[in-house]
Amino acid sequence: MFATNPEDTMKISQRALAIAPSPTIAMSSRAKAMRAQGQDVISFDVGEPDFPTPENICRAACDAIAAGHTKYTPAAGLPKLKEAIVQATARDVGLQYDPAQVVVSNGGKHALMNIWESIVDPGDEVIVFAPYWVSYPAQIELCGGRAVVIPTRGEDDFQPDLDQVRTALSDRTIALLINSPSNPAGAIFTEATMRGLAEIAVEGDLLIISDEIYKHILFDGRKHLSTAQLGEEVKSRTILADGVAKTYAMTGWRIGWLIAPKEIAKRAGDIQSQETSNPNTPAQYAAIEALLGPQDSVATMRAEFERRRDYLVPALCEMAGIKCNKPGGAFYVFPDISAHVGRTLNGTPIPTDLALAEYLLEKALISAVPGSAFGSDGYIRFSFATSMELLQEGMRRLREALS
Ligand SMILES: Cc1ncc(COP(=O)(O)O)c(C=O)c1O
């Protein structure tokens, strides 16, 4: 018998203590636990397409295993996959890169972590726009850096105020982070915003980290725009982060990549070679097929997401106390529910957006993620990576719960 519980005195690093688990994963774990107990919870919290990975891609992985491609590859990825990434980037957005600028990682999240580890020193600052994807500040802080958060609002279509960006710069600012289309708002930065941010980056000798993981999920005939497309000078200071997870319904395969100036790509590859080595080998073969094989499944999924958005936005806007922007891409809506914060709903006080999300989970059996998790209080994120039937039933429950 121990006099004390060894877990009470066990050494935990300050770095680990400072990190909170991802709130989106926490919410979906709670919903899953309730479902496991037999409760009919509808999940609007998930960040993954509800479609299966297309058949040709699955077959490519099986063929790779059958052909014996089950060993290590170069740490920064298979040369053939790097070529495929370069080719697909040229085909899809007209940008030319050298395969030496590519590092293939275990998902887009890992690619981003490799970027921060390659460029952030303790005390360095990165400009991040809220609402932001939950992992950005956490990853930057893990590297000793600081996310300087600039809020954006639904009324402004989530476009940042460029003067506010200029004011937030300090002599420790090293980079601006752009995520367009964004998670959680599905917001797309306009060309004027992109040009303004590019100008600020050039003037301040800053890097731009452009997370383009949703670049193929665009609505109303939009074309993707990245700062890398605004001329050589901006391209040379833009680092792209991307992956197959969202475009090809391949979240579980864990393949993502960065495309960076050669010196940064080399450092990121060296870091990866010490931390994880190469990403899963059969999954790399599957990613080659995803990028260079038939692309019709991408268009089919995109069209279905658009159909769901076109149902969901008016359904939300019709509800009292909800203001909802029409997302230009990705598969999330991010309505402003601040009118309900401070109310008492069916006897439950709702002091915060988190309380509203908990009330909806417990009383209406719908799970969604509160805006505060993304740095924007008074909003809530619903993912529409779920069937139309469940969306309709979920909206019926929401209407009832808020009335
Ligand atoms: C904005 C954004 N970037 C990056 C990722 C990482 O994707 P993955 O690591 O699954 O490739 C996600 C996933 O939710 C995301 O929403």
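Residues numbered from 1 in each chain as written. Predicted model: local features only at pLDDT ≥ 70, side-chain atom pairs only at ≥ 80, totals over all residues.

Asker: Please provide a residue-by-residue account of the overall build of the protein chain, values included.
Answerer: For the protein chain, the count of helices and strands is 15 helices and 14 strands. Against the compact-globule benchmark of 22 Å for 403 residues, the protein chain has a radius of gyration of 22 Å, which places it among compact chains. By principal-axis analysis of the C-alpha atoms, the protein chain measures approximately 65 × 60 × 55 Å. Looking at the protein chain as a whole, 46% of its 403 residues qualify as buried. When contacts within the protein chain are restricted to residue pairs at least 6 apart in sequence, long-range pairs at least 24 apart make up 71% of them. (Helix = DSSP H or I, 4+ residues; strand = E, 2+ residues; numbered from the N terminus. Rg over C-alpha atoms; globule rule 2.2 N^0.38 Å. Buried ≥ 20, exposed ≤ 12 C-beta atoms within 10 Å, placed from the backbone. Contact = placed C-beta atoms within 7 Å.)

Asker: Residues and numbers for the sheet that holds strand 8 (residues 256–259), please.
Answerer: Sheets are built from strands that pair by backbone hydrogen bonding, the pairs being arranged parallel or antiparallel. Sheet architecture is open: 7 strands sit in the order 2-8-7-6-5-3-4, paired in mixed fashion. Whereas interior strands pair on both sides, the edge strands pair on one side only; in this sheet they are strand 2 (102–105) and strand 4 (146–151). With direction set aside, neighbouring strand axes in the sheet form an average angle of 20°. As judged from the 4 bridges shared by strand 5 (residues 173–178) and strand 6 (residues 207–211), these two strands associate in the parallel manner. Bridge assignment links Ile178 to a residue of strand 6, and that residue is Ser210. Sheet strands touched by helix 7 (residues 135–142): strand 3 (125–130), strand 4 and strand 5. Its angle to strand 4, the strand with the most contacts, is close to 155°. (Pairing = 2+ DSSP bridges. Axes fitted to C-alpha atoms, helices over the stretch in contact; angles between N-to-C directions.)

Asker: Describe the site of the ligand, and please don't skip the residues or the numbers.
Answerer: The local shell around the ligand holds 13 residues, among which Gly107, Gly108, Lys109, Asn183 and Gly243 are the closest. When grouped by side-chain class, the residues that make up the shell around the ligand number 3 nonpolar, 8 polar and 2 charged. (Near = placed C-beta within 6 Å. Nonpolar A, V, L, I, M, F, W, Y, C, P; charged D, E, K, R; others polar.)

Asker: Residues and numbers for the nonpolar core, please.
Answerer: Ranked by size, the top nonpolar core spans 112 residues in total, and within it Val102, Ile115, Leu177, Met250, Leu258, Ala286 and Ala287 carry the most contacts. Of the residues forming this core, the biggest block, 7 residues, is contributed by helix 12 (residues 281–292). Taken domain by domain, this core gets at least three of its residues from each of domain 1 (6–52 + 297–402) and domain 2 (55–292). If near-sequence neighbours (up to four positions away) are discounted, Ala286 is found in contact with Ile57, Ala60, Ala61 and Trp253. (Core = buried A, V, L, I, M, F, W, Y, C linked by C-beta atoms within 7 Å. Domains from an automatic or database assignment.)

Asker: For unusual backbone geometry, give the residues involved together with the corresponding values.
Answerer: That bond from Ser180 to Pro181 is cis: its omega, -5°, falls within 30 degrees of zero. Tracing the chain through its elements places Pro181 in the loop between strand 5 and helix 9 (191–204). Of note, the amide linkage connecting Asn183 to Pro184 takes the cis form, showing an omega dihedral of 25°. For Pro184, the location among the structural elements is in the loop between strand 5 and helix 9. With a phi close to 55°, Asp157 is a non-glycine residue in the positive phi region. As for its position among the elements, Asp157 is in the loop between strand 4 and helix 8 (162–168). What makes Asp157 partly exposed here is the crowd of 17 C-beta atoms within 10 Å. In this model, Ala330 sits at a positive phi of 60°, which is unusual for a non-glycine residue.

Asker: Describe the pairing of strand 4, with residues and values.
Answerer: With 6 bridges connecting them, strand 3 and strand 4 associate as parallel partners. Note on strand 4: the bridge partner recorded for Val128 is Val149.

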